[in-house]
Structures are given as C-alpha cells and as structure tokens.
Amino acid sequence: MGKFYITTSIAYVNALPHIGYALELAQADVLARWKRLKGDDVFFLTGTDEHGRKIVEAAEKAGKPVGEFVDETAAKFKELAGALNISNNDFVRTTDQKRHWPAVEKMWRKLVNKGDIYKANYKGLYCVGHEAFMKSSELKDGKCPIHFKEPETIEEENYFFRLSRYANELESIIRTEEFKIVPAGRKNEILSFIAEGVEDVSFSRPSKDLSWGIPVPDDPTHTIYVWSDALVNYISLLGYAEDGENFQKYWPADVHIIGKDILRFHALIWLAMLLSAGLPLPKNLFVHGFITSGGQKMSKTLGNVIDPFEVIKKYGADAARYYLLREIPPTEDGDFTFEKFEERYNADLANGLGNLVARVLTLAEKRTAKKELKISADVREIIDRAWENYEKHLAEMKFNEALETIWRLIGFCDEYVDKEKPWELLKQGKEKEFDQAMLNLLTSLAHIAWLLEPFMPKTADKIFEQLGIEKTAKDEWDNKFAIKKQASLFPRLPK
RNA sequence: CGCGGGGUAGAGCAACGGUAGCUCGCAAGGCUCAUAACCUUGAGGUAGUGGGUUCGACUCCCGCCCCCGCAACCA
C-alpha cells in the first residue's frame, strides 16, 4: 500500500466551468477512488488558476473588481467539483497568499540561486491578432501567416528562465520515460518540439503592465509570469514553502492529468523548474483530448457550449460521469450531444444496469434463500476475469474499456437470467436450484457495484443498500444478502 | 513545401499483415423476472482514391482528394 498523489490541471477562471474541466475531474476522480479502494494513501488536488492578463480583461468585461470576479468564478469551479461528487482532498487557488504564494516565492528564489533566472531586454515581434509574441521562424514574408499583418516590434525588460539549459536533459527524461507521457503520440509531439530547438522563456511582466499576480521577490516592479506561478500549485498546497509533512509524504506526483493544450508547459517548463530547484520529478503525465459539441469545437459564438451544470442537473452526477468516461476516448477528442447522451443513458444505464438490478431484486424477493450455498465455479470464473481486465484497463487509464468490462459482466447476468429462468424453477418447486441461481446473480451484482464504485459512487452505494450488504468487505458475502428493493436506479428517458 | 488528427456497415466507433468486429438503429423469433425491458438470430461494408512492397494488406510505403483542429470567445 503506497501513497498516490494525483492532480488535475488548475482551471483558468476567466470563464465559467466548461464540460472539458468536468471530464478532467471525472478522470482524476476515478483514479483517486480506485487507488483508495486498493488501500493506497491518496492525495487528490484540483483548483483554480487566477492570475494573468486575461483574468483582468475578463473582470473588466464583467464590470467587477478583479478580486471579486475571481472569487465568484472560483466558487463556481468548486461547486462543479461538488456537483460531480469529486473526492479531491484539497482545492488550490493561486490567489491564496497564505498557502500558495510562499511556495512560488521559494521556487523563484531557488531558480535565481541556481543562476537560471536572468534579466534581459526582450525584443519581440508582437502580433496584435495573436496578442502574443511570435518567433521570426513562424512568420511568412515577415508577416503573421494567420493574420497577414506585420507584427510590431516591442521591447520590454523581463526576467527569463533558462529553459534552454535543460533541453537535453528533458529530451532524455521524456524519451526514456523516466517521466512518462501518455498517450505515446503526445510524447512524440513533445520530443519533436524539443528537436526543433527550445528557447528560454519570459518569466515575468513589468508590473506597470500587469500587476494582477505575484510580485517578483525583491523586485516589485515585475510580476511573475502566470505559468511559473500556476505550475507551482502542484507543490504549494502540500507545503513546499515550509517543507511540510504532506510535501514530504506525497511529492512527487504520481499523475498529473492535463488537457492537450497545456502539454508544453508541463513537459518542459514545469519539469525544468523542478530540475533547477533540485526537486523530484512527477512520474506520469496523462493528456486527455477535448470535447466537441456535435462534432465542432465548442464556441460561444456558435452557441454550442455544453454547460456541465445543466447536464448534471438533468441526468444526475453519476450519469454525467458515466458518459464522460465511457463515450469520450480517454486520450482523444470525443463528442458530446444530448442525443448521444440520452442514447447511452437509455441503453446502458436504464436498460442495462438499472433493469438488471430491478429484475434480479424482484426475483430475489420471492424467497429467502438458505445460507449454506456457495457461488458456482463458472460464475466465479467470469467475475474473476472481469476484475482482471478491469484492473488492467484502469492501470492504463483506459476508463472506457474498464467500463466496457463492467458492462460485459452486466450482459452476462442478463443472459444468465434468461438461461436459468429462476421463475420457472420456483414454479417447479426447484428451490435449491433457485437459491443457487439467485446467489450467483446477487454476488455478481455485488461485484458490479464494487467495480462501479470509482466511476459512479452514488449508484454503487444504492446497489449495496438494496442488496443489504456492507460495503466494507469486497468478497465473500456468502448469502448475507438482505434484499431491500427500491426505486429504479435510472428511469428510462422518454424518446 | 507550416503542424497535427482523421476518412471502415444507416449513424458512432474498434481491431489487426493471413475468415472485417462492437454499440445504436432496423427486421424476425423467444421469454414474461424486469424500466415497452431482456435473450437469440438476421439484413447491411468491393475498408476515400491511385499506385507500390508482399505468397497475402483494411492493416506497411508513396502520391492524390476530402473533413476537422492549430486567431478570437474557449479546456
């Protein structure tokens, strides 16, 4: 039984929670719950990223003071974690001056001491369309290839981080999977990016241009760049600043879960910062894709943005979690539509899981079984194999395949009921056979509930409750079931 | 020469150098314990396209066509 430290990325609070963040939370939560069930000491962190220019702009647009704006938006993200029944142990906010800032300052000083921070005049080509600096190699005929405009030359004084110094080391760490990036495609992507040449990165902005952030230690005329601030969240709340107990215990992270858009920051800048500060590196980086809406990128302009709260409110947290983890491929882009959602809901949750629980419990209520029976060997075998597959898939973070494994077991139970026809057995007075069939089915249901726990915790609890067994021991309930049939788990949705 | 992902049954997807599978939908049959549910069977694919490698390719290689991301809102 080891420790397991898992994080999501921290959500940028310039807008309200997005269904994509719900996906990331759900993925992380499954791993956290699964590891806890296995007896690991789990620490699961999520939170919000609240500094930077875009936040200031968003607050202005909303007509609110920045502090008030981020408080309100961050509260929404916290609310989403609650509504989705996420089991995070803590919630980090980068505006937390007590818990987050000291770690950022400590990290900054470490980098300075190592000689990896230097001040330089930054002369850059600034594309107004991008609102970002561009490399000259990215230009075509001296113009931005996307905006067809000549970028402005802007000169400002910045602190820089010597990322280039770590390029070779990073290449090797990533290639040898000392730091493992999943899926492999993302690993290749970052390796070819490194091969093209890694430059030092600007690590501060003049505070006259941007003051919403953490001041550079000993130089308040500069504000720490939002990414070098945000990445430290993974260690700040563990108590990096004071070398706290949790930091000692949980760092390095076992998995960082992120979206494909922030791969470079994690695989390059974050690792380089840790190398520079002499800290252990996280072990795995899991990169998920994006959710499209009806095959298109979600955009406010198109009006096809899916609101996670609406989904949860309409179908419940467990159904929402189920869809995200089953229908969206873990490391690729996936699609969300309400049509697909309802199709999945009816087929898998109502007709599949819900109906099976209902039919088995109705049968089981017909007779209180004798206690001395044991589960049949062939059914035992099927259950064992399901566990095997399930563990294998979860270890590889193949959430959809782990769920598929559970649903195969559900399918097996449906076939088993049809084949055994327990109602016939009763009519024919074959009580022993009936009891045996029911024990096999009830035990299978109990296992299904266990397998489901990391994915759909509330549903798992409901099944245990209806079976009348304790959730504490995973196996060998013998025949201690005390059936208490309740309302349908997932009522069928009207077409 | 910008980068990346993808084109497989009506829809959504999977696998694999050697009989092309799954889910939904559709059709027929069965069952009645169950949420008009469940079980069985069936129809339906010359695998975007043109070449090449191979005893053999959907699977490897090359060309071409088409779709989707890579400015902003936004993860």
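Residues numbered from 1 in each chain as written. Chains lettered and ligands numbered in written order. Predicted model: local features only at pLDDT ≥ 70, side-chain atom pairs only at ≥ 80, totals over all residues. Heavy atoms only, no water.

Chemist: Explain the protein's contact with RNA strand B residue by residue, including any values.
Modeler: Residues in contact with RNA strand B amount to 38 residues; listed here are only the nearest, Asp261, Ile291, Lys297, Gly354 and Asn355. Within 4 Å of the protein, the contacting atoms of RNA strand B are drawn from sugar and phosphate to the extent of 62%. The separation between a phosphate oxygen of RNA strand B and a polar side-chain atom of Lys297 is 2.5 Å. Of all the elements, helix H13 (residues 338–364) adds the most residues to the surface near RNA strand B, at 10 residues. Among the residues making up the surface near RNA strand B, the classes are represented as 14 nonpolar, 14 polar and 10 charged. (Near = heavy atom within 4 Å. Polar contact = N/O pair within 3.5 Å; in protein donor to acceptor, adjacent residues only side chain to side chain. Helix = DSSP H or I, 4+ residues; strand = E, 2+ residues; numbered from the N terminus. Nonpolar A, V, L, I, M, F, W, Y, C, P; charged D, E, K, R; others polar.)

Chemist: How would you summarise the packing of H13 against helix H15 (residues 399–420) if you had to cite specific residues and measurements?
Modeler: Axis separation between H13 and H15 bottoms out at 10 Å; the angle between their running directions is 45 degrees. Compared by their axis directions, H13 and H15 come out oblique. Our pair here, H13 against H15, has a crossing hand that is left-handed. For the pair formed by H13 and H15, the contact residues are Asp348, Leu349, Gly352, Leu353, Leu356, Arg359, Val360 and Leu363 on the first element and Trp407, Ile410, Cys413, Asp414, Val417 and Asp418 on the second. Looking at the contact of H13 with H15 residue by residue, the class counts come to 9 nonpolar, 1 polar and 4 charged. (Axes fitted to C-alpha atoms, helices over the stretch in contact; angles between N-to-C directions. Parallel < 35°, antiparallel > 145°, perpendicular 65-115°, else oblique. Left-handed = near helix turned anticlockwise from the far one by under 90°. Contact = heavy atoms within 4.5 Å.)

Chemist: Which residues make up helix H14 (residues 377–395), and what are the values?
Modeler: Across its 19 residues, H14 extends 27 Å between first and last C-alpha, which sits within 8% of the 27 Å expected from 1.5 Å per residue. Along H14, the residues that are buried comprise Val379, Arg380, Ile383, Ala386, Trp387, Tyr390, His393 and Leu394. Relative to the axis of H14, the buried residues are bounded by an arc of 160 degrees and lie together on one face. What points out from H14, more than 90 degrees from its buried face, is the exposed set Ala377, Asp378, Glu388 and Ala395. Considering only its buried residues, H14 is in contact with helix H1 (19–37), H15 and helix H17 (431–452). (Expected span 1.5 Å × (residues − 1). Buried < 20%, exposed > 50% of the residue type's maximum accessible area, 1.4 Å probe, protein only. Arc of directions from axis to C-beta.)

Chemist: Which residues make up the pairing of strand E12 (residues 219–224), and what values do they have?
Modeler: The side chains of a regular strand alternate between the sheet's two faces. Note that strand E10 (residues 204–206) and E12 share 3 bridges and pair antiparallel. Residue pairing in the sheet places Ser204 in a bridge with Ile224 of E12. The pairing of strand E11 (residues 215–216) with E12 spans 2 bridges and is classified as antiparallel. Along E12, the bridge assignment pairs Val216 with Asp219. The antiparallel hairpin formed by E11 and E12 contains 2 residues in its connecting segment, where Asp218 sits at a positive phi of about 70 degrees. (Pairing = 2+ DSSP bridges.)

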